[in-house]
Amino acid sequence: MCGIAGIYSLGHKQVSFEIIRRMLERIYHRGPDESGIYVNDTIGLGSVRLSIVDLLTGQQPISTPDKNYWIVHNGEIYNHPELRKALVNKGVTFSTKSDTEVILRYYEMYGEKCLDYFNGQFAFAIWDKSKKELFIARDRFGIRPLFYTQQDNHFIFASEIKSILEYPGIKTDLDAEALLQVFTFWSTLSPATVFKNIFELPPAHYLKIRNQKIEIKRYWDLQFPE
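Here the structure is a predicted model, which is why all the values come from computation and not from measurement. (Residues numbered from 1 in each chain as written. Predicted model: local features only at pLDDT ≥ 70, side-chain atom pairs only at ≥ 80, totals over all residues. Heavy atoms only, no water.)

J.: Outline the sheet that holds strand β7 (residues 133–138), listing residues and values.
T.: With antiparallel pairing, the 6 strands of this open sheet are ordered in space as β4-β5-β6-β7-β11-β12. Each edge of the open sheet is held by one strand with a lone partner, namely β4 (62–63) and β12 (213–218). In this structure, strand β11 (residues 205–210) lies alongside β12, joined through 6 bridges in antiparallel fashion. Each bridged residue has a counterpart across the sheet, and for Lys208 the counterpart in β12 is Glu215. (Pairing = 2+ DSSP bridges. Helix = DSSP H or I, 4+ residues; strand = E, 2+ residues; numbered from the N terminus.)

J.: Quick one: what's the story with helix α2 (residues 80–88), residue by residue and with numbers?
T.: Turning to α2, its buried residues are His80, Leu83, Arg84 and Leu87. Around the axis of α2, the buried residues are gathered within 100 degrees of arc, so they sit on the same side. Counted as exposed and oriented over 90 degrees from the buried face of α2: Glu82 and Lys85. For α2, the secondary structure elements touched by its buried residues are β5 (69–77) and α3 (99–110). (Buried < 20%, exposed > 50% of the residue type's maximum accessible area, 1.4 Å probe, protein only. Arc of directions from axis to C-beta. Contact = heavy atoms within 4.5 Å.)

J.: Give a description of the pattern of salt bridges that names residues and reports values.
T.: Considering all chains together, one arrives at 13 salt bridges under this definition. In this structure, Glu18 and Arg21 form a salt bridge, with 2.3 Å as the shortest nitrogen-oxygen distance. Placement of both Glu18 and Arg21 in helix α1 (residues 17–26) is noted, with a separation of 3 residues, approximately one turn of the helix. On the basis of relative accessible area, Glu18 is assigned to the partly exposed category, the value being 33%. The shortest N-O distance in the salt bridge between Glu166 and Arg22 comes to 3.3 Å. With Glu166 in the loop between α4 (161–164) and α5 (176–185) and Arg22 in helix α1, the pair connects residues that are 144 residues apart, well separated along the chain. Residue Arg22 is classed as partly exposed on the basis of its relative accessible area of 26%. Members of the salt-bridge network, linked through shared partners, are Glu18, Arg21 and Glu25. (Salt bridge = Lys/Arg side-chain N within 4 Å of Asp/Glu carboxyl O.)

J.: Give me the sheet that holds strand β3 (residues 43–49): which residues, what numbers.
T.: The sheet built from 6 strands is open, its strands ordered β2-β3-β1-β9-β8-β10 with antiparallel pairing. Only two strands of the sheet have a single neighbouring strand rather than two, namely β2 (34–40) and β10 (199–200). Here strand β8 (residues 147–151) pairs with β10 via 2 bridges, running antiparallel. Bridge pairing links Tyr148 to Phe199 in β10. This element, α1, spans β1 (3–9), β2, β3 and β9 (154–158) of the sheet and lies at about 155 degrees to β1. (Axes fitted to C-alpha atoms, helices over the stretch in contact; angles between N-to-C directions.)

J.: Can you break down the state of the cysteines residue by residue, with the values?
T.: Counting across every chain of the model gives 0 disulfides. Looking at the unpaired Cys114, the closest cysteine sulfur is the one in Cys2, lying at 18 Å. (Disulfide = S-S within 2.5 Å.)

J.: For the packing of aromatic side chains, give the residues involved together with the corresponding values.
T.: Describing an aromatic ring pair means giving the distance of the ring centres and the angle of the ring planes. Evaluated as defined, the whole model comprises 17 aromatic pairs. Measuring from centroid to centroid gives 6.2 Å for Phe124 and Phe135, while their planes differ by 35 degrees, and the two rings are tilted. Of this pair, Phe124 sits in strand β6 (residues 120–128) while Phe135 sits in strand β7; the two residues are 11 residues apart in sequence, bridging distant segments of the chain. Judged by centre distance (5.5 Å) and plane angle (25 degrees), the ring pair of Tyr148 and Phe155 falls under stacked. A relative accessible area of 13% means that Tyr148 is categorised as buried. The rings of Tyr69, Tyr106, Tyr107, Tyr110, Tyr117, Phe118, Phe122, Phe124, Phe135 and Tyr206 are connected pair by pair, giving a single aromatic cluster. The lysine or arginine in question, Arg84, covers the ring of Phe94, its NZ or CZ lying 4.5 Å from the ring centre. Positioned over the ring face of Phe94 is Arg105, at 5.9 Å from the centre of the ring. (Phe/Tyr/Trp six-rings, centres within 6.5 Å; stacked < 30°, edge-to-face > 60°. Lys NZ or Arg CZ within 6 Å of the ring centre and 35° of its normal.)

J.: I'd like a rundown of the environment of Ala125, residues and numbers included.
T.: You can see Ala125 is positioned in strand β6. Placed 38 residues apart in sequence, Ala125 and Leu87 show a C-alpha to C-alpha distance of 21 Å.

J.: Which residues make up the side chain of Arg105, and what values go with them?
T.: Inspection of the secondary structure puts Arg105 in helix α3. One polar contact links the side chain of Arg105 to the main-chain carbonyl oxygen of Thr93, over a distance of 2.8 Å. Only 2.8 Å separates the side chain of Arg105 from the side chain of Glu108, close enough to count as a polar contact. (Polar contact = N/O pair within 3.5 Å; in protein donor to acceptor, adjacent residues only side chain to side chain.)

Here's what the structure looks like:
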């Protein structure tokens with residue numbers, strides 16, 4: 001288990017390193033082995049890591065060699081050795097042995113279509129520095145959690161809601177309809193949470209932000225034969 005958190009300033013303001021640090025402190029239990037933060041102007045990405053795959057060089061955030069793409073990732077890609085081999089055969093070189101870098105290099109090559117290749121459980125965020133684009137995705141069945149909200153023209157996301165609440169001004173007003181869902185189904189129905197204006201990225205969906213526009217799309221669904 002690991003944890004991720006991040007802030008994207010849609011108003012082109014400097015993101016606070018200190019807030020990202022406090023967000024990670026709230027989810028330290030998810031990744032007690034190591035942590036890392038990347039902040040560059042309008043974007044901040046953070047990770048706390050439980051080291052399982054690539055103990056020596058897998059510290060996050062991880063970037064491509066040109067420092068254009070950056071990733072934080074919670075989860076595990078089971079078929080990452082096969083995926084890595086396929087890219088190596090195409091001439092791609094890797095600086096780590098982690099499955100996280102495999103995700104990043106597949107996104108670099110295939111964009112959102114990279115999700116078609118992954119067999120695993122995951123929630124990850126990738127920053128494209130040149131396009132000023134944030135891409136967030138969650139696995140097909142929602143095994144790994146991911147929550148988000150907006151405050152003061154900032155987009156805030158994290159593996160747990162308690163981390164999001166570290167951002168100044170976030171309100172914790174209860175959503176009565178979502179509470180009814182809890183009493184009926186034992187859980188809220190995605191994308192709702194028990195708090196107003198704090199949402200869950202649904203399973204098998206990705207979220208993309210560019211030019212202050214937020215796009216959410218389903219990338220996979222169960223197929224039932226006739």
